[in-house]
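Notes for the structure review
The primary structure of each chain is shown beneath.
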Amino acid sequence: DQQVKQNSPSLSVQEGRISILNCDYTNSMFDYFLWYKKYPAEGPTFLISISSIKDKNEDGRFTVFLNKSAKHLSLHIVPSQPGDSAVYFCAASAPSGYSTLTFGKGTMLLVSP
Amino acid sequence: NAGVMQNPRHLVRRRGQEARLRCSPMKGHSHVYWYRQLPEEGLKFMVYLQKENIIDESGMPKERFSAEFPKEGPSILRIQQVVRGDSAAYFCASSPPETEKNTEAFFGQGTRLTVV
């Protein structure tokens, strides 16, 4: 029973273009969503987050959009850079009082020059 | 300010042996989380600890796995009588005390356990 789904295992984008990574969730109790970036042989690094009371959060080249009615969120990276090539994990937490996360399987982004 | 430190980075154990994975949280952090990543999978929550207390172990296998976070020293994830299916990357994360409900946890680089 996968509560957080990233249906695209991989995505290839040219440098300078927009990268859009998608994430769907099934648990309506989730109220906080995060994106992590992971390079091989390293731990996940926090990228950006969004609370369920918002529908958009922006930080530099990264923007996360949340559509609660569709239980869908997306991460936009613009412009994409070769250094953005990594695996991106979508994660969610429920209002349990602490930061336990439920992760998707990840999407490998490859940005080519 | 050092990040979350995990050791060893790589651990090889024969079937039936014990594996001990260590995690030192970031300075000032008192909440520790362990996650496991199987090949081609996302990270799966195992256990959440505060100093000397297990808060949530709902993701821990019922047998052979245990975790502790003593008053002094690192958090330890212990796997007894390892089997090949335990081969995975084990990640530790930490967050500060009085954490607001919505905050990010900081991850270590992980321990890659290989059972042969």
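To be clear, the structure that these remarks concern was listed above.
Owing to the predicted nature of the structure, the values given are computational and were not obtained by experimental measurement. (Residues numbered from 1 in each chain as written. Chains lettered and ligands numbered in written order. Predicted model: local features only at pLDDT ≥ 70, side-chain atom pairs only at ≥ 80, totals over all residues. Heavy atoms only, no water.)

1. Some thoughts on unusual backbone geometry
The omega torsion of the bond from Val78 of chain A to Pro79 of chain A falls at -5 degrees, within 30 degrees of zero and hence cis. Within the fold, Pro79 of chain A resides in the loop between β8 (72–77) and β9 (86–93). Going from Asn7 of chain B to Pro8 of chain B, the amide bond is cis rather than trans, its omega being -5 degrees. For Pro8 of chain B, the position within the fold is in the loop between β1 (5–7) and β2 (10–13). You will see that Glu40 of chain B, though not glycine, has its phi angle at about 65 degrees, which is positive. (Helix = DSSP H or I, 4+ residues; strand = E, 2+ residues; numbered from the N terminus.)

2. Here we look at the sheet that holds β1 of chain B
Residues and elements named next belong to chain B. Sheet architecture is open: 4 strands sit in the order β1-β3-β8-β7, paired in antiparallel fashion. Across the chains shown, the open sheet's two edge strands, defined by having one partner strand only, are β1 and β7 (65–68). The sheet shows a mean angle of 15 degrees between the axes of neighbouring strands, direction not considered. Of the strand pairs in this sheet, strand β3 (residues 19–24) and strand β8 (residues 75–79) are connected by 5 bridges, and their pairing is antiparallel. In the strand pairing of β8, Arg20 is matched with Arg78. (Pairing = 2+ DSSP bridges. Axes fitted to C-alpha atoms, helices over the stretch in contact; angles between N-to-C directions.)

3. Some points on the interface of chain B and chain A
Counting residues at the interface gives 23 residues for chain B and 22 residues for chain A. Summed over both partners, the interface of chain B with chain A buries about 1900 Å², with 56% contributed by carbon and sulfur atoms. On inspection of chain B and its partner chain A, the count reaches 1 salt bridge. Between Glu41 of chain B and Lys105 of chain A there is a salt bridge, and its shortest N-O distance comes to 3.5 Å. Joining chain B to chain A, the criterion identifies 4 residue pairs in polar contact (both at pLDDT 80 or more). If you list the elements that add at least two residues to the side of chain B that touches chain A, you get β4 (31–37), β5 (43–50) and β6 (53–56) of chain B. Of the residues contributing to the side of chain B that touches chain A, the split by class is 9 nonpolar, 7 polar and 7 charged. (Contact = heavy atoms within 4.5 Å. Buried area = accessible area lost by both parts, 1.4 Å probe. Salt bridge = Lys/Arg side-chain N within 4 Å of Asp/Glu carboxyl O. Polar contact = N/O pair within 3.5 Å; in protein donor to acceptor, adjacent residues only side chain to side chain. Nonpolar A, V, L, I, M, F, W, Y, C, P; charged D, E, K, R; others polar.)

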